[in-house]
Amino acid sequence: MKQFYFRRGVASLMALLALSLLSLRALADEGTVPPAPPAASGSSSSDPAPAPAPVPGVLISRSDMADLPAGSEADVTVYFRNLGDVTLKGPVAAFSPADGVSIAGGASSFLLDDIPAGGTGSVTLKLRAADTAAGAQSLPVELRFTYGEDAPASGAATDRLTIPVKAKPAAAQPLVLISRSDISSPISPGEVFDLVLTFKNTGDVTVKNAAATVAPSEGLSLLNAASTFPVSDIAPGKTASITVKLQGAGQISSSAQSLSVDLRYTYGSAATAASASDRLNIPAKAASSASSVEKPVPNIVVQKFDYGGKAVAAGGRFPLSFTFENTGTAKVENIVVTVDGGECFTVDGGSNTAHYDGLAAGKTLTQELPLQAVPTCKSGAQAITVSFKYEYVDAGKRSAVTSDIRLSVPVSQPDRFQLNQPAAASFTAGEEGEVTLAYVNKGRADIGNLEAQLVGEGFESPAKVQYLGNVAAGTSGSIGFALTPEAAGKLDLTIKVTYEDADLQTQTKEFPLSLTVEEGAPEPDFALDDADLAPARPAWLPVIPATAALAAAAGTAFFLAKRLRRKAAGEDPAADAWSWAEVPGEDEPEQPKEE
């Protein structure tokens, strides 16, 4: 029976297969293609692609750093914090440094490890500040990455980091002194001679890229091919020189000949341009005439000047007046007076130049103008240059003369060294305490040889005199004394402070101090009498035997009372058999028990 149904099933399957083959052949003959079965839900190619996830936010920051000195390097760590919910894959940090800062090593892009959601990646850079950089410098940074799993996408985050740079201190302009070689005798008309010009650097920085330009007066001629000469670099305290070839004119009208020298140079790391100039006098033999004798050149000198009679405070205003005199025998005309305050003085309103039509021989004129000392001027004597340009006529010929006169005016930086009143804690006799005194130098100059001394009696101190040395401008600190009062009561002492101000004058300030000293705690007496050396018997020791006996008696009484109550109630069979007569006495031996 089973074989019958099996054969029947196989036959049915074969028939279905044959029918299917016939149907497919018929469709192929007709050229039609059966429609494709419908695609499963969610797998249709016409469905839109999933939208990419939003770009995760990235917080870019850097590590804390002090001001980076110009020309130096420092390590800076840049952090990238992932604020999103997905991992940042293959992040690349790219930096675009500005002119003020650069990245040492040459690379500007860095590959970071993947940054998980909420995580932080970092890269450490070695930044170098340019020699001329100053202030806040900008460091642009961009982080490029990919994110997402189902639909990976690209993202980026940008920011600008601020790098503080401290500028190099500006070097002071070096002063260059110009001098010439000695001339044994006045120059004769037509004489050819060599003159050596020497340049001395009196500053603290090297003079570089120097070039000297010379210009002789009308009685001299320059025989060199050029009037400008290169000068080698001059180190601080060193000299350099050049040689010029000059010739006296065929007819020298004045014995006061000169050679003007202008030196131009640079100094400092920033190659700051500067110049120095001077006019070197050259004596000459003027041509004589049988009919006339040349008059001496009239000179103008400053006869006296006044600036107030005392040192001028830096930043202070003062009137400068000076009287000049024509010491010659001829009248001078077309006088131009120029006052140059240099680096320390400036005209406080008005002009520094005055004009006078003429000044007769032996006569004087007075000029006054308001000046102000620059607040940054150093203490000491500072120079003011008064220049005179004038003309005079001799034998029908007009000549021009120039002269410079230097005036010296003392400048004083005000003493702004401030000392606060002493502060002291409470004191106890025999115990060490402290007294402090705060100070601050508010001036623009340093304070020298600061010394503090504790003056008084009735106390001990490990250091009554303290030497603190120099205090730079803008510096603050404190002076502390440790002292131990010897006895209670009122303690009077004085803190004496001495120092040298910017004018090297010794200043002394005293601060009286009255302290109240408390009594110290008495010291405990640990001495023992002979009677106390033996250990004393505790007062409660005799109580122990009495207490034990009382407890035993109470227990026995309680036991007998309980036995009597149970015997009376008939609850204790053993109590009925027990009798007081059976209790052996003290002298009666106990009867042995029957076996």
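Going by the structure above, here's the rest.
Cut-offs applied
Residues numbered from 1 in each chain as written. Predicted model: local features only at pLDDT ≥ 70, side-chain atom pairs only at ≥ 80, totals over all residues. Heavy atoms only, no water. Disulfide = S-S within 2.5 Å. Helix = DSSP H or I, 4+ residues; strand = E, 2+ residues; numbered from the N terminus. Buried < 20%, exposed > 50% of the residue type's maximum accessible area, 1.4 Å probe, protein only. Pairing = 2+ DSSP bridges. Axes fitted to C-alpha atoms, helices over the stretch in contact; angles between N-to-C directions. Core = buried A, V, L, I, M, F, W, Y, C linked by side-chain atoms within 4.5 Å. Contact = heavy atoms within 4.5 Å.

S.K.: Can you walk me through the state of the cysteines in this structure?
M.R.: Joining two cysteines, a disulfide is a covalent bond between their sulfur atoms. By the definition in use, this model includes one disulfide. The disulfide that involves cysteine 344 links it to cysteine 377, with 2.3 Å between the sulfurs. Since a negative S-S torsion denotes a left-handed disulfide, the cysteine 344-cysteine 377 link at about 90° is right-handed. In this pair, cysteine 344 sits in the loop between β21 (332-340) and β22 (345-347) while cysteine 377 sits in the loop between β24 (364-373) and β25 (380-394), placing the two residues 33 residues apart along the sequence. Each member of the pair, cysteine 344 together with cysteine 377, is buried.

S.K.: Teacher, can you tell me more about the sheet that holds strand β35 (residues 489-500) here?
M.R.: Think of a sheet as strands paired side by side through backbone hydrogen bonds, with each pair either parallel or antiparallel. Strand order in the open sheet formed by five strands is β29-β36-β35-β31-β33, and the pairing between neighbours is mixed. Taken across any chain shown, the strands that pair with only one partner, and hence form the sheet edges, are β29 (427-428) and β33 (465-471). Both strand β31 (residues 447-456) and β33 contribute to a ladder of five bridges, which runs antiparallel. When the bridges of β33 are listed, leucine 450 appears paired with glycine 469.

S.K.: For this particular structure, what's the right way to read the sheet that holds strand β12 (residues 208-216)?
M.R.: Here four strands make up an open sheet; going across it, the order is β14-β12-β16-β17 and the pairing antiparallel. Edge positions in the open sheet fall to β14 (228-231) and β17 (272-283), since each of these has one partner strand only. With strand direction ignored, the average angle separating the axes of adjacent strands in the sheet is 20°. As defined by bridge partners, β12 adjoins β14 across four bridges and the pair is classed as antiparallel. Opposite alanine 210, over in β14, you have valine 231 as the bridge partner.

S.K.: Just to check I follow, could you spell out unusual backbone geometry for this structure?
M.R.: Excluding glycine, a negative phi dihedral is what most residues carry, and trans is how most peptide bonds are arranged. Phi is positive for asparagine 334, which is not a glycine, with a value near 50°. If you trace the backbone, asparagine 334 turns up in strand β21. The phi dihedral of asparagine 449 falls on the positive side, at around 55°, and the residue is not glycine. Position of asparagine 449 among the secondary structure elements: in strand β31.

S.K.: Which parts of the structure should I look at to understand the nonpolar core?
M.R.: Generally speaking, nonpolar side chains in soluble globular proteins are found buried as a group. By size, the foremost hydrophobic cluster in this structure holds 32 residues, and its most contacted members are Phe322 and Phe388. At the level of elements, β18 (300-306), β20 (317-326), β21, β23 (353-359), β24, β25 and β26 (397-412) are the ones that each hand at least two residues to this core. Once residues within four sequence positions are removed from consideration, phenylalanine 388 is found in contact with Ile300, Val302, Phe322, Phe324, Val336, Val337, Val401, Thr402, Ser403 and Ile405. The next biggest cluster of nonpolar side chains, apart from the first, holds 31 residues, and it includes Leu197, Leu259, Ala274 and Leu280.

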